[in-house]
Amino acid sequence: MTTISAPAPVPTRRVGPVVGFRHTMTLAWRSLVQIKHNPMELLDLSIQPLMFVLLFTYVFGGAIADSPTDYLRFMLPGIMVQNALFATMTTGFGLNTDLTKGVFDRLRSLPIARWAPLAGRILADTVKQAWSIALLLAIGVLLGFRIGTGPLGVLGAFALLLAFSLAAAWISVLVGVLVNEPEKVQIFGFMVIFPLTFTSNIFVPTESMPGWLQAWVKVNPVSTLADALRGLLVSGPESGPIVTSLLWGLGIAVVFAPLAVRAVMRRV
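Residues numbered from 1 in each chain as written. Predicted model: local features only at pLDDT ≥ 70, side-chain atom pairs only at ≥ 80, totals over all residues. Heavy atoms only, no water.

Undergrad: Can you help me understand helix α6 (residues 116-143) in this one?
TA: For an α-helix, the turn length of 3.6 residues means that residues three or four places apart are oriented alike. In this model, α6 (28 residues) spans 41 Å end to end at C-alpha, consistent with the 40 Å of a helix rising 1.5 Å per residue. Positive phi appears at Gly144, one or two residues downstream of α6, with a value of about 125°. (Helix = DSSP H or I, 4+ residues; strand = E, 2+ residues; numbered from the N terminus. Expected span 1.5 Å × (residues − 1).)

Undergrad: Just to check I follow, could you spell out the packing of aromatic side chains for this structure?
TA: Two aromatic rings, taken as a pair, are described by how far apart their centres are and by the angle between their planes. Per the stated rule, a full pass over the model turns up 7 aromatic pairs. Ring plane angle 15° and centroid distance 4.3 Å describe the contact between Phe56 and Phe203, whose orientation is recorded as stacked. Linking Phe56 in helix α2 (residues 40-64) with Phe203 in the loop between α8 (182-198) and α9 (211-219), this pair joins segments that are 147 residues apart in sequence. Each member of the pair Phe56 and Phe203 is classed as buried. Relative to Phe190, the ring of Phe86 has its centre 5.7 Å away and its plane inclined at 50°; by these criteria the two rings are tilted. (Phe/Tyr/Trp six-rings, centres within 6.5 Å; stacked < 30°, edge-to-face > 60°. Buried < 20%, exposed > 50% of the residue type's maximum accessible area, 1.4 Å probe, protein only.)

Undergrad: Please clarify how the environment of Gln48 should be interpreted in this entry.
TA: The residue Gln48 is located in helix α2 in this model. Each C-alpha atom, one on Gln48 and one on Arg266, is 35 Å from the other, the two residues being 218 residues apart in sequence.

Undergrad: How do you make sense of the pattern of salt bridges when you look at a structure like this?
TA: Pairing of side chains with opposite charge becomes possible as their charged atoms draw close. Scanning all chains against the criterion turns up 4 salt bridges. A salt bridge links Asp125 to Lys128, with the shortest nitrogen-to-oxygen separation between them at 3.4 Å. Of the two residues, Asp125 and Lys128 both sit in helix α6, 3 residues apart, roughly one turn of that helix. Comparing Asp125 with Lys128, the two get one shared label, buried. One network of salt bridges, with partners in common, ties together Arg30, Asp98 and Arg121. (Salt bridge = Lys/Arg side-chain N within 4 Å of Asp/Glu carboxyl O.)

Undergrad: Sorry, what's going on with the packing of helix α3 (residues 68-87) against helix α10 (residues 221-235) here?
TA: Running from N to C, α3 and α10 point in directions that differ by 130°, and their axes come no closer than 9 Å. For the element pair α3 / α10, the angle class is oblique. Judged by the sense of rotation from one axis to the other, the crossing of α3 with α10 is right-handed. Contact residues: Arg73, Phe74, Pro77, Gly78, Met80, Val81 and Leu85 in α3; Val222, Leu225, Ala226, Leu229, Arg230, Leu233 and Val234 in α10. Of the residues in the contact of α3 with α10, the class split is 11 nonpolar, 1 polar and 2 charged. (Axes fitted to C-alpha atoms, helices over the stretch in contact; angles between N-to-C directions. Parallel < 35°, antiparallel > 145°, perpendicular 65-115°, else oblique. Left-handed = near helix turned anticlockwise from the far one by under 90°. Contact = heavy atoms within 4.5 Å. Nonpolar A, V, L, I, M, F, W, Y, C, P; charged D, E, K, R; others polar.)

Undergrad: How should the environment of Leu50 be read in this particular structure?
TA: Summarising the element assignment, Leu50 is placed in helix α2. Judged by its relative accessible area of 27%, Leu50 is partly exposed.

Undergrad: Where do I start with the nonpolar core in this structure?
TA: The tendency in soluble globular proteins is for nonpolar side chains to be buried side by side. The biggest cluster of nonpolar side chains holds 40 residues, and the ones touching the most others in it are Met80, Val81, Leu161, Leu229 and Leu233. Broken down by secondary-structure element, the contributors of at least two residues to this core are α2, α3, α6, α7 (151-178), α8, α10 and α11 (239-267). Ranked by the residues each element gives to this core, the list is headed by α3, at 10 residues. Not counting the four nearest positions on each side in its chain, Leu161 is found in contact with Met80, Val81, Ala84, Ile133, Leu225 and Leu229. By size, the runner-up hydrophobic cluster in this structure holds 13 residues, among which are Phe104, Val173, Leu174 and Ala263. (Core = buried A, V, L, I, M, F, W, Y, C linked by side-chain atoms within 4.5 Å.)

As structure tokens, then:
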């Protein structure tokens, strides 16, 4: 008599939020531990912004402002914004690497929450963002930047920049899922983020630009976010740029988060 064996049970991903949160933390820790085996990832978040600060402060500071220190007070919040936006590309880069190397296929066979791999990746990259922001601010203070507000202003700047970066990361996630090579995520970053940041008031005041360019700079979300950070770190919070930056971040998240999640779910 032939016996028919029952098929192996398929792992379910319908887990509770507490268990799903634990899965997310585990996968976030996995992404952070990878830095030990790939230290260049952390160097990209540390050396590149440091070079920008040093070069722009001491090469252009005397020409644009009265002194490098005066220029540093204007430029450092903008550099923090630029670095944060470029750092969001690491989310899409790492996600695409996991997809192309089959890591997500292996995770599918585990009884974990379907959203845990993506959430873990984003959480880990948020920690890296916080490290990069803190490093830039510390280097700026060593070079002569002085915080003109106080601890609440610094915490507000951190929170605002991390919130906006988290919203912008959904664009990176969408690109990372749609392209077939991790390098194409970086190409997208340079094609979009590079001109977006350099056509803002990060490095020079808006008034010094041609009139036709000033119209764009004034509505550029990068300019608004830089103004918000200057208010929080240098001269007291300005509610207009802060609120506008939050609205920009919310709009980006509302548009790109559903598209990114849908694209990820279709891939995994």
